[in-house]
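Summary of the model geometry
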Amino acid sequence: MSDNIRDAIAGEEVRVDYNSIEQTLAELWRIEKTEGEAVTRAALWNVVAHASSSEHHTSASEILGRASIAVPQRTIVIRTNPEGPPEMAAWISANCHLLGAGKQVCSEEISIVAGGDRVERVPPLVHALLIPDMPVAFWWVGDLPHENEAYVRSLLGPADRLIVDSVHFDSPEDLGLVQRTGERTSTPPADLNWVRLDEWRAAAASVFDPPSMRGRLKTLREIRIIANVTDIAYFGESVEALYLASWLVAQAGMGVDDSGNIPDLSCTFEFRPADTRGILRVDLEMDGSSAAIERHPERCVLTTNVDGQLNVPEALLRTSRKKVDELIVRELKQPESDRLLMKVLPSAIRIARRRSAA
Amino acid sequence: MTTVALEPNPLREGLEQERVPDASCLVIFGASGDLTHRKLLPALYSLAHDGLLPAGQTIIGFARPDYGDEAFRADIRKACNEFARTKPVDDAVWENFAKGLFYVQGDFTEPEAYNRLNQKLTECDRTRGTGGRRIYYLAVPPNFFPVIAELLGAEGMVTDPERGGPYTRVIIEKPFGHDLATARELNRVAVTTFRERQVFRIDHYLGKETVQNLLVLRFANGIFEPFWNRQYIDHVQLTVAESIGVEKRGPYFESAGIARDIIQNHMMQLLSLVAMEPPVAFEADAVRDEKVKVVRALRDFPAGHESSSAVRGQYTAGSVLGEAVPGYRQEERVSPTSRVETYAAMKVFVDNWRWADVPFYLRAGKRLPKRVTDISIHFRPAPYPLFKKVAGVRTQPNVLAIRIQPDEGIALKFDSKVPGPTVRTAPVTMEFRYATSFGAEPPEAYERLLLETMLGDSTLFARRDEVETAWAWLDPLLHVWEESPEPPDPYPAGTWGPPSADAMIERDGRRWRRP
Ligand SMILES: NC(=O)c1ccc[n+]([C@@H]2O[C@H](COP(=O)([O-])OP(=O)(O)OC[C@H]3O[C@@H](n4cnc5c(N)ncnc54)[C@H](OP(=O)(O)O)[C@@H]3O)[C@@H](O)[C@H]2O)c1
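Remember, it's a predicted structure, so these values are computed and weren't measured experimentally. (Residues numbered from 1 in each chain as written. Chains lettered and ligands numbered in written order. Predicted model: local features only at pLDDT ≥ 70, side-chain atom pairs only at ≥ 80, totals over all residues. Heavy atoms only, no water.)

**Considering the site of the ligand**
Residue and element names in this part refer to chain B.
- Every one of the 20 residues lining the ligand counts as a neighbour, but S32, D34, L35, F108 and V140 are closest to it.
- One of the backbone nitrogen or oxygen atoms of G33 is found 3.0 Å away from an oxygen atom of the ligand.
- For the ligand, the accessible surface in isolation is 890 Å², of which the surrounding protein chains cover 78%.
- Here the element with the most residues in the shell around the ligand is helix α1 (residues 34-49); it accounts for three residues. (Near = heavy atom within 4 Å. Polar contact = N/O pair within 3.5 Å; in protein donor to acceptor, adjacent residues only side chain to side chain. Areas by Shrake-Rupley, 256 points an atom, 1.4 Å probe, with all protein chains shown as cover. Helix = DSSP H or I, 4+ residues; strand = E, 2+ residues; numbered from the N terminus.)

Structure follows, in C-alpha cells:
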C-alpha cells in the first residue's frame, strides 16, 4: 500500500477500494506529514464534476487540478454509464503545487467510475466523501441530461452551487432546464458562459459611469453584437451574445415579450465563422449618443468609445480568452453565484427561441 | 447647497467593482521623489491594469526637474516595470494609462507654478472629463505642507461640494508632525485651506489586507468576541520588526527614531484595531470614533519611572541574515554619537472596562533578525490545572497569532494529547494562511488607499484626533528620553533587541513570543 500511496503523492492515480477511500487518504496525508517536506493540505471547496465520457473525465480532472492551485479543493470526478457493465471503481491522487520557499500545498482528487445498476450507489458514496463544513460545487461537464432526473436530483442534494457551461448546449431547451433547476433549488445556477462576460459587462458599465451618461441607459434603442463562432450551427456558441443582450435589456428596465421581441428596441446579432469564438464588438444606440465596445484581436483589451457631444475619453479594460479552469476559479471565488443570471435567463431563452424559429 | 445623489449605474449590479470613482485629476507633489517612483505610480498603474480606474482618470506630476510629459512618462514606465505588482508593463494598458499622465514643472514655493498647474488642470477638465475634481497627493517633506496648502488656497484651487463646487481632497504622508505641538500646527494649517473631511492621512498599514482582516476576524465571527477581554486574555504582544537598517534615510531617522517612525502611527493603528469596541457601523467616523477611544484610554507612563515600562535600544555592528552589517552610529549621515533609538519596547495599558490591567507589550526595531509584523493574543491558562500532577504534562497557554506580514495568516496554538498509552501533551497549531487558501497576491496597500481616496471613503485613513491623541500620549516619554543623560541600550544587529527589553517583560513573569 505504501508504494501506492507514494505514487498518489507524486500525482499519479492510484486505484483504491471504494469502501476505504477516506482511510487511504488519511494514510496518504500521514505519510506526507512525517516524510514529506513542509506540506500544507488545504481545501476551501468540495468540487464534484460529473462526466459522461472518458474524454470529459480526463479534461475535468486536468481542469480542476489547475483550478485547485487558486482554489484549494477536494475534487471528486465521477463518470457513470447506466448502459455499461455493473461495476464500480475508485482512484485517488494528490494535486500538489509549490508555494515558494519549498512549501507545497496539496489537495486531493478522487475519481469514481460506475456502470449499470452501480450508478445508483454513486450519490451516497459521493455524499460520504464530502469534507464537512465546506461548500459543495457541482460541475456538470458537457450537455445537460434531460433523462433520469431522480438520479440528478439525488446527486445535487448537498450542492451549494451548480455549475454548467452552456457553450455545450444544443438547444434553448437546455437553458430552460438550467432555469427550472434554479427555480427549484435554493442556490441559483452558475453558467461559465455568463462568467465569460465579466469584462464585457465591466466595459459596458464603464460607458454609463460618467454622471452625464448615467441616465442614458434607459433610452437604449439599439443593440448590435458581432461575435466569432467556431460552429455557426451550434446553439451553445451563441449563448454568450444572447446573455449580453438580455442583460443590457434587463438592466435598462426593458422586457422581452413572449415572442422574443423587445418593444422599442432593435437587437441584432452577427455571428462570423472563425477559429476561436467570442464576442468582438457591441454597438449601443441611445437618445443623442452612441457607444461602441470592441475587443482588440491581438492586444487582449476591450476599448470603449462614446461619441456625440459628450467628451468621454476612450477607456480600456484588459481581457483575455479565459480557460475553463480560470472561469471555474472566478466562479468559486464568488461568495455566491450571481443571481442576475436568473434575471437574464428568461429573456435569453425567449430571444433564443425567436432566433431558432426564424 | 445640497448635492444631488446620482442614481446608481444598473450595469454595475453584481460586478466585482460595484462602486467606481468619477474621473478626477490626481496631482502628485514631489513627482520626482522616491515614494512616487516606488509606490504611488506603480500602484496607479496596477489599478489601471486591473481596470479599476475610471475612464479619463488623470495624473499630473509636479516637481522641480525640467521634464516634459514624454520624459516623465518614460521615467514612470521604468519605475512601473520595476515596482508594480502587475509588472512587467503591458503595452496596451500602458498606452492608455500614459494618455492621462502629465507633468508640470515648478517649485513648491513659486505662485506662478501653481498658475501653470491650474491651467493644466482646467485643460484636463475639458479634454478628459475630470469635472473639476481634484486630489492633491503631497509626497513631499512635511515642512512643505504649509506653503503648498497656502498657495493652493490662494490660487483658488480648492473647492468643496458643501460650498457648491466639485470635491478637492488632499492626501498627506507621515510623519504627521514631530510631536504634539507640530502635529497641531500642521492640522491647524490644514484646516485653514481644507476641511477635515477633505484631508486623507495615509498610514499604509491600514491599506494592508491583513490589517483590515482584524476587523473581519473580530466582528464578522461570533466566536472571538466573547473571549476578547480581560477575563480570558492574559496579555497581548505587538511586534514590528525590520531586518534592514536606516538605509539612505539616516538624516530623517536621526530626527525621528523608531518611536516616531513606527509606534506613534502604525503601531497605534494596530493597537486600536485589536482593542477597539465594535463600531456602530462600518463607516469612516463610526470606526474611527472607536479607534480614538482606545488611544485616549492609554495609561500615561509612570512619571519618574518610565524605564519600568519603556525601553529603548540602538543597534551596534552585527550580522543579519548571514551578512555583516555596521552599527547605527556607523551608518551614512548618522552622528557617531547619536542617541536616537532604533528599537523601543513598551508595556502599555488600555484603561477601560474591557482591558483593565491587561498589558499590551509593544516592540519595534530595526536590524532585528527578520522582517515580521505580528500580533499575538495570549490567553489565560485553564482555571484549574487538572493535569498538573501528571508526569509529562506541561500545559501552555493558548495563543492566537495574527501575522500581518510576510506570510500573512492566523494561527491558534493549543495543547493536545500525544497519542500513546500515557497522558502526555504537546502544543499544536491550527493554521490559516492567506497564500494557501486564497492563492492570488493581494493588492498593494497604496492601491487600495488611492482608490478609497478617489471614492471619498476615509475609513482607512487616520483622523486628526487619532493623530493628536497618539502624540499627546507619547510626547512625555519622548521628552524624558531626549532629556536623559543615558544613551539607548545597545543591541547587536541581528538580535531581538537589548536585554533590558527581555527584563521588562520577564519581571511580569512573561516572555516575548518568537514571531
Ligand atoms: N519613500 C517612502 O517610502 C516613504 C514612506 C512613507 C512616507 N514617506 C513620506 O513621503 C514624503 C515623500 O517622501 P520621498 O521619500 O518620496 O521623498 P523624496 O524622495 O525626498 O522626494 C521629495 C520630492 O519633493 C520634491 N521637492 C522637494 N523640494 C521641492 C521644492 N521646493 N519644490 C518642488 N519640489 C520639491 C523633490 O523634488 P527634487 O527631485 O527636485 O528634489 C522630490 O520630488 C515624505 O513626507 C516622507 O516622509 C515616504
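**Concerning the sheet that holds strand β14 (residues 399-405) of chain B**
Residue and element names in this part refer to chain B.
- The mixed open sheet is built from nine strands, whose spatial order is β16-β15-β14-β13-β7-β12-β11-β8-β17. Of all the strands in the sheet, just β16 (425-433) and β17 (489-492) have a single pairing partner and so form its edges. Here the strands of the sheet are splayed against their neighbours by 20 degrees on average, with no regard to which way each runs.
- Sheet topology note: the strand β7 (residues 233-241)/strand β13 (residues 372-379) ladder contains eight bridges and is antiparallel. Looking at the pairing, T239 lines up with D374 of β13.
- Contacts between helix α9 (residues 258-275) and the sheet are confined to β7, β11 (343-349), β12 (359-365) and β13, with β12 contributing the most and set at about 145 degrees to the helix.
- The strands touched by helix α14 (residues 499-506) are β7, β8 (310-316), β11, β12 and β17; relative to β11, the strand with the most contacts, the crossing angle is about 15 degrees. (Pairing = 2+ DSSP bridges. Axes fitted to C-alpha atoms, helices over the stretch in contact; angles between N-to-C directions. Contact = heavy atoms within 4.5 Å.)

**Description of the side chain of T342 of chain B**
Residue and element names in this part refer to chain B.
- Here T342 is to be found in the loop between β10 (323-325) and β11.
- Here T342 falls in the buried class, since its relative accessible area comes to 0%.
- Side chain to side chain, T342 and Y491 meet in a polar contact 2.9 Å long. (Buried < 20%, exposed > 50% of the residue type's maximum accessible area, 1.4 Å probe, protein only.)

**Notes on the environment of N261 of chain A**
- Position of N261 of chain A relative to the elements: it lies in the loop between α9 (239-251) and β11 (266-273).
- A polar side-chain atom of N261 of chain A sits 3.5 Å from a polar atom in the side chain of R354 of chain A.

**Digging into the domain arrangement of chain B**
Residues and elements named next belong to chain B.
- Per the domain assignment, the segments making up chain B are domain 1 (20-202) and domain 2 (208-444 + 462-506).
- The C-alpha-based centres of domain 1 and domain 2 are spaced at 33 Å.
- Each side of the interface is counted separately: domain 1 has 16 residues, and domain 2 has 18 residues.
- Both faces considered, domain 1 and domain 2 share a buried interface measuring about 1,600 Å² in area, 54% of it formed by carbon and sulfur atoms. (Domains from an automatic or database assignment. Buried area = accessible area lost by both parts, 1.4 Å probe.)

**Section: the packing of aromatic side chains**
- Here the structure, examined in full by the defined rule, presents 25 aromatic pairs over all chains.
- Taken together, a centroid distance of 5.2 Å and an interplanar angle of 75 degrees make the contact between W355 of chain B and F360 of chain B edge-to-face.
- Judged by its relative accessible area of 0%, F360 of chain B falls in the buried class.
- An aromatic cluster is defined as three or more aromatic residues linked by ring pairs; in this entry it consists of F29, F62, F108, Y114, Y136 and F144 of chain B.
- Cation over ring: R15 of chain A sits above W91 of chain A, and NZ or CZ is 5.4 Å from the ring centre.
- Its end group placed over the ring of Y167 of chain B, R169 of chain B keeps NZ or CZ at 3.4 Å from the ring centre. (Phe/Tyr/Trp six-rings, centres within 6.5 Å; stacked < 30°, edge-to-face > 60°. Lys NZ or Arg CZ within 6 Å of the ring centre and 35° of its normal.)

**Some words on the domain arrangement of chain A**
Residue and element names in this part refer to chain A.
- Per the domain assignment, the segments of chain A are domain 1 (3-192) and domain 2 (198-357).
- At the junction of the two partners, domain 1 supplies 33 residues and domain 2 supplies 28 residues.
- Buried surface at the junction of domain 1 and domain 2, summed over both partners, amounts to about 2,700 Å²; 70% is from carbon and sulfur atoms.
- We note a salt bridge from D325 to R66, for which the minimum N-O separation is 3.2 Å.
- Here domain 1 is connected to domain 2 by eight residue pairs in polar contact (both at pLDDT 80 or more).
- Contributions of two or more residues to the side of domain 1 that touches domain 2 are made by β3 (45-51), α3 (54-70), β7 (136-140), β8 (161-164), α6 (172-184) and β9 (190-191).
- Take the side of domain 1 that touches domain 2: its biggest share by element is eight residues, from α6. (Salt bridge = Lys/Arg side-chain N within 4 Å of Asp/Glu carboxyl O.)

**What about the sheet that holds strand β2 (residues 58-63) of chain B?**
Residue and element names in this part refer to chain B.
- Taking strand neighbours across the sheet as the criterion, the six strands line up as β3-β2-β1-β4-β5-β6 in an open arrangement whose pairing is parallel. Strands with a single pairing partner mark the edges of an open sheet, and in this sheet they are β3 (101-105) and β6 (199-202). The average angle at which neighbouring strand axes cross in this sheet is 20 degrees, direction not considered.
- Of the strand pairs in this sheet, strand β1 (residues 25-29) and β2 are connected by five bridges, and their pairing is parallel. Bridge pairing in β2 links I28 to G61.
- Against the sheet, α1 engages β1, β2, β3, β4 (134-138) and β5 (168-173), with an angle of about 170 degrees to β1.

**Here we look at the state of the cysteines**
Residues and elements named next belong to chain B.
- Applying the stated criterion across every chain yields a total of zero disulfides over all chains.
- Free cysteine C25: the closest other cysteine sulfur is in C124, separated by 4.6 Å.
- Look at C25 and you get buried, because its relative accessible area is 0%. (Disulfide = S-S within 2.5 Å.)

**Description of the nonpolar core**
- Among the nonpolar cores identified, the biggest contains 147 residues, and F29, L44, F97, Y137, M346, F360 and I375 of chain B are the most heavily contacted of them.
- A per-element tally of this core places α9 of chain B first, with eleven residues.
- Counting only domains with at least three residues in this core, you end up with domain 1 (20-202) and domain 2 (208-444 + 462-506) of chain B.
- The contacts of F29 of chain B, once residues within four sequence positions are left out, are F62, F108, Y114, L117, Y136, Y137, L138, A139, V140, I148 and L152 of chain B.
- With 88 residues, the next largest nonpolar core counts V48, Y151, L197 and V239 of chain A among its residues. (Core = buried A, V, L, I, M, F, W, Y, C linked by side-chain atoms within 4.5 Å.)

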